[in-house]
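# Understanding the architecture of this molecule
Read off the chains here:
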Amino acid sequence: MYRGLVESLAVIFLSLLGIADAWRLSNLVRAGGTFHDVIGPDRYLGFISAGLLICGMWNLVAGLKSRKSSQRKRVEEEVSKVNVNLVILVAFLLVVYTFAIQILGYLPATSIFFPIIYFIFGVRPLPKSIIVGLVTTALFYAIFAYFAEMPLPKGLLENIL
Amino acid sequence: MDSGLLGGFLGALNFTNLMYCFVGCVLGTFVGVLPGLGPAATSAILLPLTSYMPPSGAIIMLAGIYYGAMYGGSTTSILVNVPGEASSVPTCLDGFQMTKQGRAGEALAIAAIGSFIAGTFGTIVLSFMAPALARVALKFGPPEYFALVLFSLTALVGFSEGSLLKGLIAGGIGMFLACVGIDPLSGKQRLTFGSVTFTGGMDVIPVLMGLFGVAEVLTSAEEGILHLYEGALGHLIPRGRELVKGLYASVRGTISGFVLGLLPGMIPAVTSFLAYDIEKRLSKYPEKFGTGCIEGVAAPEAANNATSQAGFIPLMALGIPTSPTLAIILAALMMYGLQPGPFLFLHHSDFAWAVIASMYIGNVILLILNLPLVGLWARLCLVPYRYIGPIVLGVCMVGAFSVRNSLFDVITCVGFGILGYLMKKRHWPSTPLILGVILGPMLEQSLRQSLELSGGSPAILLTRPISVTLIILTAVLLVFIRKVLYKPQLDG
C-alpha cells in the first residue's frame, strides 16, 4: 500500500507541475494572441496534466481501498529481496558511471565500470572479471570511437587521446 | 517515380542490403531464442548505432530483428519450456509436451514452416495493401491525422496489461514528457523551469533505450541460468496427417494473426494467445490441447509472425506504430528524415519497396536458419546472462550518448531504465509511456493545425467523413479490445 501511495502521489505531483506551467503559459500566450491557435502551448499541457491529476487521484483511492490485497503481496515480494539488492547495486553503479564519464572521460570510466559490473553479475574469480572487463572496454572503444567515429568524452585523457 | 516491387528486389538484393537483412534475421533469431532480451530492447539498443548505416540498410535490419525474433522465440519454448518471447508462451503448452514425447523435431519444424507461411503471406498482402492505403491517406489533412492518431491511441488499452488506469497514467506521463522543451508552433518553453538543458526536450531514443534496454537487464539480473535440452530432436518434418493438421492450423493462425495485427495494440503476444484459443475452440478434440497437439504449436507461431508482418501496413502507409518495436522503427525512420505515411511511397518509393522486398528474402533466410540450424540456436541457452547483461548496459550508455553527444541523454537513459524496472516490478505497463512520447506531439500538432484551419471551431473534426469515421471506429475499438479480444488471454 505504501508504495502504491508513493506512485499515486508522484503522478499527482507531476500533474500539478504541468498545471502550474500551463497556468504560467496561459498568461504569456494569451497576451500575444497567436492567429487561430486556440489551444496554444498551454491548454494541451493543461488538459494532459488535468487528466493525470484525475487518474492519479483515482489510483490513490483505488490503492487505499485494496489495502488488504496489497499486504498479501508485500509478503510475496519480500522473498526476492536479495535479488532486488543486486538490482539496486547495478542501478547505483550506472548512475555513478554516468557521472564518471563526465569527469574521468569515457575510457577510464568504462575501464573501471566493466570489471565491476561483470563481478556484480557473477563473473568469478575477480581477475577473470577484470580481464573480461578490460577486453570489453577495448572492444567498445575500438568499435565506437574508431570505427563509428563517435566523439566520446575524453575527460582526463583530453591531451593524450 | 514508383519503382515497384521488382525495383525493390533490385535494391534489396544488392550486397549491402542483403548483408543487413541477414544480420537482422540472425540477431532477431538470437534475441528470440534468448529469454530476457526481446526485439524491442534489441532494436532500441541498436537504434542510435543505425545512424551510421544507410537508411534502407538500417530499416531492413531492424525489421529483420522484429520478425526474426518471432521465429526464434519458439525454439526455447519447445525445447526447454521457457518462452524466448512473450508471444511464444502458448507454444510452450503443446510444444514442450511434443518434446517430452520425442517429437521436438516435428514441433520445431512446424513452428518454422508456420512462421514462414505467415511471414510470406503477410509480406504479400503488405506489398499490395500498403501502397493502396497510402494512396487513400494522401487525401488526409490535419483533422484526419488527428482522428488517426486518436485511433492509434486505442493501443493504450491493449498495452495496459490488465490495468486500464495504469495504462492511461503511463500514456499520460509519456504525453506529458513529450511536452518538455520548446513548443514548435509558438516557440514558448514548456516544462523547462528555466533550465537550458531541458529546452532541447526529451529525445525519444534515450527514453526507449532506458525503458527497454536498461530496464530489461535490471529485470533479467534476477534470473538464473537455463538448462539446455539434451535429448534427441526426433525427425524434423512431420509426416502424413500430422503435417496436414499442422499446415491447416498454420493457415488459420496466419489469417487470425494478420487481421488482428492490423489493429492498434494487437501485439504478437496477444494474437498468439487468441490463435491458440481459436484453434482449441475449433478442434474436434479440445481436451487434447496441452498434451502435445501439433495445431497448438502451428497456430500461435503462425499468428505471431502474421501479426508482426501486418503491423508494417499501418506503419508504412499511415505512419502509425501498432507495437513497441514498430514504434522504434518509426523513430528510426524519423531519425533519417523519412516520414512514414503516404509520402513515403511517393517520395521514397525505392526505399519503401526495398524494405518490403527484403521481407520476402528475410523469410527465406529465417526458414533456413530455423530448420537445419535449429540445434545451434538451442545451444544459445548456454550463454550465461552474466556476460550478456553488462554488454547490453554498455551499448545502452554509448547509444544514448551518441544521439546528440549529450550526457543529459545518458542520464535520461539511466533514469528511464530505473523507472522501467520499477514499473515492471510494480506491474505498470511501460509501452503506453513510449506510445505517449511518440504519438503525443503528433496528436497535439494535428489538433492545433485542424483548429487553425477551421478558425477555432472543433466541428471540423466531426464534419469531415474520414475523421468522423475514424473517431467512431476509435470508440467501437475501445469497447471491442477491452471486452472481447482480451477475454481469452485474461482467462488463459
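Structure shown above.
As the structure is a prediction and not an experimental result, all values here were calculated from the model. (Residues numbered from 1 in each chain as written. Chains lettered and ligands numbered in written order. Predicted model: local features only at pLDDT ≥ 70, side-chain atom pairs only at ≥ 80, totals over all residues.)

A tally of regular secondary structure across chain B gives 23 helices and 2 strands. When contacts within chain B are restricted to residue pairs at least 6 apart in sequence, long-range pairs at least 24 apart make up 80% of them. (Helix = DSSP H or I, 4+ residues; strand = E, 2+ residues; numbered from the N terminus. Contact = placed C-beta atoms within 7 Å.)

In this assembly, 43 residues from chain B lie in contact with 52 residues from chain A. Those elements that provide at least two residues to the side of chain B that touches chain A are helix H9 (164–178), helix H19 (385–404), helix H20 (407–425) and helix H21 (431–453) of chain B. For the side of chain B that touches chain A, the element with the most residues is H19 of chain B, which contributes 9 residues. When its residues are assigned to classes, the side of chain B that touches chain A shows 25 nonpolar, 9 polar and 9 charged. (Nonpolar A, V, L, I, M, F, W, Y, C, P; charged D, E, K, R; others polar.)

Before going further, it helps to examine the environment of Cys21 of chain B. Residues and elements named next belong to chain B. Along the chain, the position of Cys21 falls in helix H2 (residues 15–33). With 28 C-beta atoms packed within 10 Å, Cys21 lands in the buried category. Separated by 43 residues in the primary sequence, Cys21 and Gly64 place their C-alpha atoms 6.0 Å from one another. Excluding anything up to four places from it in sequence, Cys21 contacts Ala12, Ile60, Gly64, Ser358, Ile361, Gly362 and Ile365. (Buried ≥ 20, exposed ≤ 12 C-beta atoms within 10 Å, placed from the backbone.)

To continue, consider helix H12 (residues 268–282) of chain B. With 15 residues, H12 of chain B should reach 21 Å at 1.5 Å per residue; the first-to-last C-alpha distance of 21 Å fits that figure. Extensive coverage of H12 of chain B is indicated by the burial of 13 of its 15 residues. (Expected span 1.5 Å × (residues − 1).)

Let us now look at the nonpolar core. Generally speaking, a soluble globular protein has its nonpolar side chains buried in company with each other. Among the nonpolar cores identified, the biggest contains 194 residues, and Leu208, Met209, Ile329, Ala331 and Cys396 of chain B are the most heavily contacted of them. The leading source of residues in this core is helix H6 (residues 104–137) of chain B, at 16 residues. In terms of domain composition, this core takes at least three residues from each of domain 1 (2–78) and domain 2 (81–157) of chain A. (Core = buried A, V, L, I, M, F, W, Y, C linked by C-beta atoms within 7 Å. Domains from an automatic or database assignment.)

A separate point is the environment of Leu79 of chain B. Residues and elements named next belong to chain B. Tracing the sequence through the fold places Leu79 in helix H4 (residues 55–80). Owing to 25 C-beta atoms within 10 Å, Leu79 belongs among the buried residues under this scheme. Distance in space between the C-alpha atoms of Leu79 and Phe96 is 6.0 Å, their sequence separation being 17 residues.

What follows is about unusual backbone geometry. Of note, the amide linkage connecting Arg124 of chain A to Pro125 of chain A takes the cis form, showing an omega dihedral of -5 degrees. Mapped onto the elements of the fold, Pro125 of chain A is located in the loop between helix H5 (106–121) and helix H6 (126–147). Even without glycine at this site, Leu191 of chain B takes up a positive phi of about 50 degrees. Looking at the element boundaries, Leu191 of chain B is found in the loop between strand E2 (189–190) and helix H10 (204–220). Positive phi, normally seen in glycine, also occurs at His427 of chain B, with a value near 60 degrees.

This part is about the packing of helix H11 (residues 240–261) of chain B against helix H13 (residues 295–310) of chain B. All names here are of chain B. For the pair H11 and H13, interaxial distance at closest approach is 7 Å and the crossing angle is 35 degrees. Crossing geometry of H11 relative to H13 is assigned as right-handed. Across the interface between the two elements, Lys245, Gly246, Ala249, Ser250, Arg252, Gly253, Thr254, Ser256, Gly257, Phe258, Leu260 and Gly261 of H11 pack against Glu295, Ala298, Ala299, Pro300, Ala302, Ala303, Asn304, Ala306, Thr307 and Ala310 of H13. When its residues are assigned to classes, the contact of H11 with H13 shows 10 nonpolar, 9 polar and 3 charged. (Axes fitted to C-alpha atoms, helices over the stretch in contact; angles between N-to-C directions. Left-handed = near helix turned anticlockwise from the far one by under 90°.)

All names here are of chain B. Helix H17 (residues 349–370) packs onto helix H1 (residues 4–12) with a crossing angle of 75 degrees between their chain directions and a minimal axis gap of 7 Å. In terms of orientation, H1 lies roughly perpendicular with respect to H17. Between H1, through Gly4, Leu5, Gly7, Gly8, Phe9, Gly11 and Ala12, and H17, the contact on the second element is made entirely by Asp350, Trp353, Ala354, Ile356, Ala357, Ser358 and Ile361. (Parallel < 35°, antiparallel > 145°, perpendicular 65-115°, else oblique.)

Function-wise, these values are silent; they only describe arrangement.
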